[in-house]
Structures are given as C-alpha cells and as structure tokens.
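Residue-level structure breakdown
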Amino acid sequence: ITSLYLYDPVTFDVKGKNFYLTWYVTLLFWLGVLSFHYIEKIPLHFGLFTLSVAAYWAMMFYNVLTPLSGLAHCYIMMYIGMTSFPIWDKFVTSDYSYGIYLYHFPIIQLVMWVFTKNALIHQPLAVQLLLLVPCSLLITVAFAILSWRFIEKPALKLRSVFAHTKAVDAA
C-alpha cells in the first residue's frame, strides 16, 4: 500500500493484458450495488447517458483517469437496465439474459478449444474473431432460448405453488 503513491493518478491503468484487473471489477461491482441501493435518487436522463458513453470511451481510448471510468460505466449499465425500450420489448417477449449469463463462459471456452485445436490457431486474430464470436454467440443464444423455454419459464409457473406460505408465529 505504501507504494501506491508511485502511480500517476492520471495514467493509472485498470486493464491487464487482455482483461480488467480484479480490483477494477470489484469496484464496478460495488458501484453497481450502491447505484441499485440509491436508484430512486439517481436521475436517468438520455443526455447523462450520452455524456457517460463519451466519457467512458475517451477515458479508455486515451488511457486517462481510467479508475473514474467506472462511474461512467456504472451509469451506462444502470441507464440501459432501468430504461424501457418499447421497440425492443415489442419484438423480444422472453428473457434470455440469465441463460446467456449462465452458458456463455463454458460455450465460449468449448468453441475456442474446438477451433484452436485445428488450423485456426495459425490464422490472424481478426480471422479467429470473425469465426469464434458469431459461432459462440449463436450457440449461447440457442442454449439460452432452450433454457428459457424448458427450464426457466416452467419454473416461474411454480411460483404460485410455493409463494403462499404461512407466517411463522413468534410466540
């Protein structure tokens, strides 16, 4: 901790070689917790959203004040999560988010293992990404749809069975 003064606060980086550092992800988590706790007091405004997107992009692109980018990142996620998008809601009536969250990592790992086991490993990164990203995205969404249809939606119907419980008498 005593060596923290050696870091330049203007150019202090939150990114490792290919990923965010653990402390930054932890900071984002706690900012999200605080934001959710105080959601009634935080204004959701498109202008602030646009400003946050621009600020986040600039901080990350120019690698300046990157620890503060967490504030902008948190506001962006909060705005997207708490805003109703009628056009989107008209076409998407199911909630695949949990399935995508649950299955994305193992599927991406499997797709990478299958593709890189073959000749793809010798291809440029752009070619690898052009094959890996769409393939893993399609498989992940397919698993999420199946999960919603056959596991999550039927499980949600059981809420009425288990929601009616008697209160425990303190005496």
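Since this is a predicted model, take the numbers as computed values, not measurements.

Moving on to the overall build of the chain. Helix and strand content of the chain: 7 helices and 0 strands. From first element to last, N terminus to C terminus, the chain shows the α and β order α-α-α-α-α-α-α. Counting only contacts in the chain whose residues sit at least 6 apart along the sequence, the fraction spanning at least 24 positions is 68%. Accessible area of the chain: about 13600 Å², with a carbon and sulfur share of 73%.

What follows deals with the layout of surface pockets. One number sums up the size of the largest pocket: a volume of about 220 Å³. Taken together, Leu28, Gly32, Ser35, Phe36, Ile39, His73, Cys74, Met77, Met78, Gly81 and Met82 make up the lining of the largest pocket. Only helix H1 (22–37) and helix H3 (69–82) provide two or more residues apiece to the lining of the largest pocket. Here the lining of the largest pocket takes 6 residues from H3, the largest share from any one element. Looking at the lining of the largest pocket, its residues break down into 7 nonpolar, 4 polar and no charged.

This part takes up the environment of valine 141. One can find valine 141 in helix H6 (residues 125–157). On the basis of relative accessible area, valine 141 is assigned to the partly exposed category, the value being 28%. The sequence separation of valine 141 and glycine 99 amounts to 42 residues, and the corresponding C-alpha distance is 7.8 Å.

Quick look at the packing of aromatic side chains now. Under the counting rule described, the total for this entry stands at 10 aromatic pairs. Judged by centre distance (6.0 Å) and plane angle (80 degrees), the ring pair of tryptophan 23 and tyrosine 24 falls under edge-to-face. Residue classification places tryptophan 23 among the partly exposed positions, given a relative accessible area of 36%. The interplanar angle of 80 degrees and the centroid separation of 5.0 Å between the aromatic rings of phenylalanine 29 and tryptophan 30 together place this pair among those described as edge-to-face.

The subject of this paragraph is unusual backbone geometry. A positive phi is found at asparagine 63, a non-glycine position, where the angle reads about 55 degrees. Positive phi, close to 50 degrees, is recorded for leucine 65, a residue that is not glycine. Relative to the elements of secondary structure, leucine 65 occurs in the loop between helix H2 (46–62) and H3.

We now examine the side chain of serine 69. For serine 69, the location among the structural elements is in helix H3. In this structure, serine 69 is in contact with Tyr24, Tyr56, Met59 and Met60, ignoring residues within four places of it in sequence.

What follows covers a nonpolar patch on the surface. A cluster of nonpolar residues, Trp57, Phe61, Tyr62, Val64, Leu65, Leu68 and Leu71, forms a patch on the protein surface that exposes about 730 Å² of accessible area. In terms of residue count, H2 provides more of the nonpolar patch than any other element does, 3 residues in total. Its location among the elements puts leucine 68 in the loop between H2 and H3. The exposure class assigned to leucine 68 is partly exposed, which follows from its relative accessible area of 45%.

This part covers helix H5 (residues 97–117). In this model H5 runs 30 Å from its N-terminal to its C-terminal C-alpha over 21 residues, within 8% of the 30 Å that 1.5 Å per residue would give. Of all the bends in H5, the greatest reaches close to 45 degrees and is centred on histidine 104; the proline proline 106 follows between one and four positions later. For H5, the full list of buried residues reads Gly99, Ile107 and Val111. Tucked into the core, H5 has its buried residues touching H6.

Parameters at a glance
Residues numbered from 1 in each chain as written. Predicted model: local features only at pLDDT ≥ 70, side-chain atom pairs only at ≥ 80, totals over all residues. Heavy atoms only, no water. Helix = DSSP H or I, 4+ residues; strand = E, 2+ residues; numbered from the N terminus. Contact = heavy atoms within 4.5 Å. Areas by Shrake-Rupley, 256 points an atom, 1.4 Å probe, with all protein chains shown as cover. 1 Å grid on protein atoms, 1.4 Å probe; cavity = no way out; pocket = protein on both sides within 12 Å on 5 of 7 lines; lining within 4 Å. Points joined across faces, edges and corners; volume = space filled by probe spheres on them. Nonpolar A, V, L, I, M, F, W, Y, C, P; charged D, E, K, R; others polar. Buried < 20%, exposed > 50% of the residue type's maximum accessible area, 1.4 Å probe, protein only. Phe/Tyr/Trp six-rings, centres within 6.5 Å; stacked < 30°, edge-to-face > 60°. Patch = residues over 30% accessible without salt bridge, like charges linked within 9 Å, V, L, I, M, F, W, Y side chains within 5 Å. Salt bridge = Lys/Arg side-chain N within 4 Å of Asp/Glu carboxyl O. Expected span 1.5 Å × (residues − 1). Bend = angle between axes of the 7 residues up to and from the residue.

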